[in-house]
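Structural overview
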Amino acid sequence: ERIVESIDQSVTSEQCGGWHMFGDQTWCNKAMKKTPGVLALSFGIEERDLFSEYMSNYYRVPTKLYDCFIEPEKSPPMAGTAPNATKKCDQNSGHCYETPYQSYRVCL
């Protein structure tokens, strides 16, 4: 029911406190306020996953990354070598997460 309601289009910009757009994704601003226990999940991240980096660096949400195809040597997050909650990330830098991420080499 909640999933259907999320795509219903009956929520107005005023109710959301505006929209936030990133690439082909759009979020309701009020829905993305920091809430304890929130977690971002990303599947099939390949070499770099801008969604999970954005969730980490813009919204300060920890992430869990899942990919079973990319070789870890081609993907710093999957290899565990991308900065992981160790520094502030520059928008133009390489792979970087300001909040903790965990990567799992499994298919879901």
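For the structure itself, look to the data block above.
The structure contained in this document is the topic of the report that follows. (Residues numbered from 1 in each chain as written. Predicted model: local features only at pLDDT ≥ 70, side-chain atom pairs only at ≥ 80, totals over all residues. Heavy atoms only, no water.)

**Examining the sheet that holds strand S3 (residues 40-43)**
Adjacent strands of a sheet pair through backbone hydrogen bonds, lying either parallel or antiparallel. Note the threshold: For two strands to be treated as a pair, DSSP must find at least two bridges joining them. The helix count covers DSSP runs of H or I at least four residues long, the strand count covers runs of E at least two residues long, and both are numbered beginning at the N terminus. Each axis is a line fitted through C-alpha atoms, taken for helices only over the stretch in contact, and angles between the N-to-C directions span 0 to 180 degrees. Contacts are residue-level and defined by heavy atoms, with any inter-residue pair within 4.5 Å sufficient.
Within the open sheet, the three strands sit side by side as S3-S4-S5. Their pairing is parallel. Unpaired on one side and paired on the other, S3 and strand S5 (101-104) mark the two borders of the sheet. Adjacent strand axes in the sheet meet at a mean angle of 15 degrees when their direction is disregarded. Sheet analysis places strand S4 (residues 63-66) next to S5, joined by four bridges and oriented parallel. Counterpart to Thr63 in the pairing with S5 is Tyr101. Set on the sheet, helix H3 (residues 50-57) makes contact with S3 and S4; between it and S3 the angle comes to about 165 degrees.

**Let's talk about unusual backbone geometry**
Unusually for a residue other than glycine, Glu46 sits at a positive phi of about 60 degrees. Among the structural elements, Glu46 can be located in the loop between S3 and H3.

**A short note on the layout of surface pockets**
Rules: Note on definitions: the grid is 1 Å and covers protein atoms alone; a cavity is a set of points where a 1.4 Å probe fits but cannot get out; a pocket is an open set with protein on both sides within 12 Å along at least five of seven lines; lining residues have an atom within 4 Å of a point. Grid points are joined across faces, edges and corners, and a volume is the space filled by probe spheres set on the points. Residues are grouped as follows: nonpolar covers Ala, Val, Leu, Ile, Met, Phe, Trp, Tyr, Cys and Pro; charged covers Asp, Glu, Lys and Arg; every other residue, Gly included, is treated as polar.
When its volume is computed, the largest pocket comes out at roughly 440 Å³. Among the secondary structure elements, those contributing two or more residues to the lining of the largest pocket are strand S2 (25-28), S3 and H3. It is S2 that provides the largest number of residues to the lining of the largest pocket, a total of three residues. A class-by-class count of the residues in the lining of the largest pocket yields 15 nonpolar, three polar and three charged.

The values are spatial; any link to function lies outside them.
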